[in-house]
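This is what each chain is made of:
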Amino acid sequence: MSITNLEELEALIARVKTAQQQYAEFTQSQVDHIFKQAALAANMARIPLAKAAVAETGMGVVEDKVIKNHFASESIYNKYKDEKTCGVLEEDKSFGMQKIAEPVGLLAGIVPTTNPTSTAIFKALLALKTRNGIIFSPHPRAKGCTIAAAKVVLDAAVAAGAPADIIGWIDEPTVPLSQALMQHRDISLILATGGPGMVRAAYSSGNPSLGVGAGNTPAVIDATAHLKMAVSSILLSKTFDNGMICASEQSVVVEDAVYDTVRQEFADRGAYLLNPEELDKFRQIILKDGHLNGAIVGQPVQKLAELAGITIPPTARVIIGEVETIGTEEPFAFEKLSPILAMYRAKDFAEAVDKAQSLISFGGRGHTAVLYTAPDNQAHIRQFEHKVETARVLINTPASQGAIGDLFNFRLDPSLTLGCGTWGGNSVSENVGVQHVLNIKTISERRENMLWFRVPPKVYFKYGCLPVALRELAGKQRAFIVTDKPLYDLGMTKGLEEVLEDVGLKYDIFYNVEPDPSLATVQRGLAVMNTFNPDVIIAFGGGSPMDAAKVMWMMYEHPEIEFEGLSTRFMDIRKRVYDLPELGQKAMMVAIPTTSGTGSEVTPFAVVTDERTGIKYPLADYSLTPNMAIVDPELVLNLPKGLTAYGGIDALTHALESYVSVYASEYTNGLALEAIRLLMKYLPSAYENGANDPKAREKVHYAATMAGMAFANAFLGICHSMAHQLGATFHVPHGLANALMISHVIRYNATDVPFKQAIFPQYKYPNAKWRYARIADHLHLGGSTDEEKVELLIAAIEDLKRKVNIPTAIREVINEDEHTFFAHLEGIADQAFDDQCTPANPRYPLISDLKDLYTAAYRGIQVEATIPQPVAQEVEATL
């Protein structure tokens, strides 16, 4: 039923009130189930909702709205999944104290045009977790996408058991309808996010309200700061969703001692600094009738330049105006909600802090302030936090991503409604949570979370090690072997079977795993496994048998696992919505590779294909890591040339991508570099000579496992993201798909000025170009600059590909015409963007970038660099 007038609104409020009264009687377990299913549904809809928001409002960036939708579902779920919100929360019998959770009743959710879908997801999930009903009043220019987001959450909640009317919305929002909703006697609390006028209306409605104040965030850079990180962080934040986050930096205040260096760093990283004439032109478009000009909100820099009537380079990311005045006469001093940044010079730190507070007092009291300084410069940190009147004081943290919590400091609560305390006319002084009576100032310093290095507890290697290593299974009772039919028909499993018989293990063999194993195959193998009841599972073969065996293992031990939940993409593996319990209670997993490429024997990953849709699901969880890996080169002596080439390049891509990943660490770097060296040296001979060069076969086999260890812990990048889609859509073998993309990806990543950088606290500033150059140095390729070294590395990889007869273009490989390929381009680019490998890529891609890379690889744009012959000979000698 559409809600377009006051009578219909009254009926809606009555229905939601009745639903909420029913929901208030639900148990904690019922609520948690509904909350989880709603979060999963919102997560799955993140891309279409992001696209709908940009299409309807004409503001922001699709890819960044995807991240906000993802954050609103995953991070909010992760924060509150274990929070007790029903019944007794705390009890101290000795003092007679008890705290009991009761829902407040009906919430009115005011949703802004700047964050129309993520805010709706956030508020709806918050209501579901606390047994409240909620009615949304969307912004008129974003009503379609806001209602779509609310409907996604509602449908999932109802399917999970919630009352049918627990979430409602106004279909045709108007000012009278919004005011009537906020003033209604049955509304218990208003969650108001929007412009200052709407928030004031909420607070003057007569009902309790939680709202936000205006943001005018200053970022101070002092003389002790890590300047590259400071500039990179500000650009990361300011370019996010075209600067629409209310916490995003509006001004940067720089100490005089480093001002020129910071100015140049901004210029080097893609900021465009206006000259005096251009500065005046921009002043004309920032304000309209004394208020922020709505035409600039969330617009890209090129559109802003057109509005101002100036021309800027196509690589520009942010517009910077160098100004002095703070006040109504200076438009750059206002909140701009776009990629426009004011820059002020301060003679010393004291003046910088004073200017920051002046900017806050002028337009952003209570919201957010940022300081970039040396982490141990406690004097400056204390002076800054004491002086500024903001609820969030961020230290060395990008404001957009830092203020919303959980990303750069896991103790700062995640929220999309940021309270500004009494300074900003709000009733809360922190990221919205429960009731508050004090202004609580939260100091959030940037922190790097613990990293990890996890591999199988036992990895056996050396020629002929298989029978020796398998004797470790003595004492086990039943082994279930998962392999493919070609290996079985070739008798490759005979040696394995003989050892199992010698050790006294009964065994059964499932040999029906196909390339790119399907869910149907996994289910068939699982049925046999459940009958046989093994205490050892042996994956024998290439990546496909190992992937199938891992998924069977998971479902054998935990039949209650929801496959769709586990396949849901995550931003941080430690915070995913769906957790997989530890495996190994019923059976241990032994992985024995018979190809040299996937590294699956040492990784926590598995890829399985839904045969109904053709979509590949890369699963990732450290519980999927095998308990034992047996890397015996004897098993790959007679590997066919095609598998040798594709597997070798796949392993090379694993090593290359893990080395430049934002998750790369000292523990993975050495493995990746050595794997690259071994593959560059030995893969050609292993391909050409096969069993006649057992040493080459051995080194390539080891390199694949080492590369697997590296990417198991550092993850991969967009080369694999795009390769997955080429395989799923056009059935290109995985290693070949990587080979077709890798050189294009290297050149794309090798920049110090990416338009977008991956979000990970350990990754302080773009360094992929430098890392590629270090690989070139490790291979002794020569070159005097990083740029030259990158080109020489690409040339060396292309030379290796020629030696193993890899085609040069996608069009040479797929059995489709050009029209068919480009008809699929939008879809495979979307899927590649949403692939689990994408977040670790050092350059965070736009979907349009992925389309360009696919296009380049399809047409086979040639790599021009070549290795000079003397250098090539020297490389052969040193390798």
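The preceding data block contains the structure.
Definitions and limits used
Residues numbered from 1 in each chain as written. Predicted model: local features only at pLDDT ≥ 70, side-chain atom pairs only at ≥ 80, totals over all residues. Heavy atoms only, no water. Buried < 20%, exposed > 50% of the residue type's maximum accessible area, 1.4 Å probe, protein only. Helix = DSSP H or I, 4+ residues; strand = E, 2+ residues; numbered from the N terminus. Pairing = 2+ DSSP bridges. Right-handed = clockwise from strand over helix to strand, strands pointing away. Salt bridge = Lys/Arg side-chain N within 4 Å of Asp/Glu carboxyl O. Contact = heavy atoms within 4.5 Å. Polar contact = N/O pair within 3.5 Å; in protein donor to acceptor, adjacent residues only side chain to side chain. Axes fitted to C-alpha atoms, helices over the stretch in contact; angles between N-to-C directions.

**Focus on the pairing of strand 4 (residues 133–137)**
Inference 1: For strand 4, a buried count of five out of five residues is recorded, marking the element as mostly surrounded by other parts of the structure.
Inference 2: Judged by which residues are buried, strand 4 turns out to be covered on both faces: G133, I135 and S137 on one side and I134 and F136 on the other are all buried.
Inference 3: Pairing of strand 3 (residues 106–110) with strand 4 involves five bridges; the strand directions are parallel. What sits directly across from A108, in strand 4, is I135.
Inference 4: Of the crossover connections in this fold, the one passing from strand 3 over helix 5 (residues 118–129) to the parallel strand 4 is right-handed.
Inference 5: Direction of pairing for strand 4 relative to strand 5 (residues 167–169): parallel, over a ladder of three bridges. Within the sheet, the bridge partner assigned to I135 lies in strand 5 and is G168.
Inference 6: For the handedness criterion, the β-α-β arrangement of strand 4, helix 6 (residues 143–159) and strand 5 is classed as right-handed.

**Topic: the pattern of salt bridges**
Inference 1: The tally for this structure, following the rule as stated, stands at 38 salt bridges.
Inference 2: Among the salt bridges present, the one from R263 reaches E322, with a minimum N-O distance of 3.0 Å. Of this pair, R263 sits in helix 10 (residues 256–268) while E322 is found in strand 13 (residues 318–322), placing the two residues 59 residues apart along the sequence.
Inference 3: Several salt bridges share partner residues, and in doing so they unite K51, E826, D830 and K851 into one network.

**A short note on the pairing of strand 6 (residues 187–192)**
Inference 1: With five of its six residues buried, strand 6 lies for the most part within the structure.
Inference 2: When strand 3 meets strand 6, the two strands line up parallel, connected through five bridges. The residue bridging I110 from the neighbouring strand is A192, located in strand 6.
Inference 3: Where strand 6 and strand 7 (residues 209–211) come together, three bridges link them in parallel fashion. Looking across to strand 7, one finds that L191 is bridged to L210.

**Description of the environment of E514**
Inference 1: Structurally, the position occupied by E514 is in the loop between strand 20 (506–510) and helix 19 (519–532).
Inference 2: Separated by 48 residues in the primary sequence, E514 and L466 have C-alpha atoms spaced 24 Å apart.
Inference 3: Ignoring any residue separated from it by four or fewer positions in sequence, one finds E514 in contact with T521 and S544.

**Observations regarding the environment of T193**
Inference 1: Here T193 shows up in the loop between strand 6 and helix 8 (196–203).
Inference 2: The class for T193 is buried, based on a relative accessible area of 8%.
Inference 3: Taking the C-alpha atoms as reference, T193 lies 15 Å from R141; in sequence the two are 52 residues apart.

**Details of the side chain of H558**
Inference 1: Its location among the elements puts H558 in the loop between helix 20 (543–557) and helix 21 (563–566).
Inference 2: Looking at H558, its side chain comes within polar contact range of the main-chain oxygen of E582, at 3.3 Å.
Inference 3: In this structure H558 touches P581, E582 and L583, once residues within four positions along its chain are discounted.

**So, the sheet that holds strand 19 (residues 478–482)**
Strand pairing within a sheet occurs via backbone hydrogen bonds; the two strands may be parallel or antiparallel.
Inference 1: Read across the open sheet, the six strands follow the order 18-25-22-21-19-20; overall the sheet is parallel. Across the chains shown, the open sheet's two edge strands, defined by having one partner strand only, are strand 18 (458–461) and strand 20. Strand-to-strand twist of the sheet, defined as the mean angle between neighbouring strand axes without regard to direction, takes the value 15°.
Inference 2: As paired elements, strand 19 and strand 20 share five bridges and run parallel to each other.

**Comments concerning the environment of Y622**
Inference 1: Turning to its location among the elements, Y622 is positioned in the loop between strand 24 (616–620) and strand 25 (628–631).
Inference 2: Relative accessible area serves as the criterion here: at 8%, Y622 is assigned to the buried category.
Inference 3: Spatially, the C-alpha atom of Y622 lies 9.5 Å from that of N713, the residues being 91 residues apart in sequence.
Inference 4: A distance of 2.7 Å separates a polar side-chain atom of Y622 from the backbone oxygen of A712.

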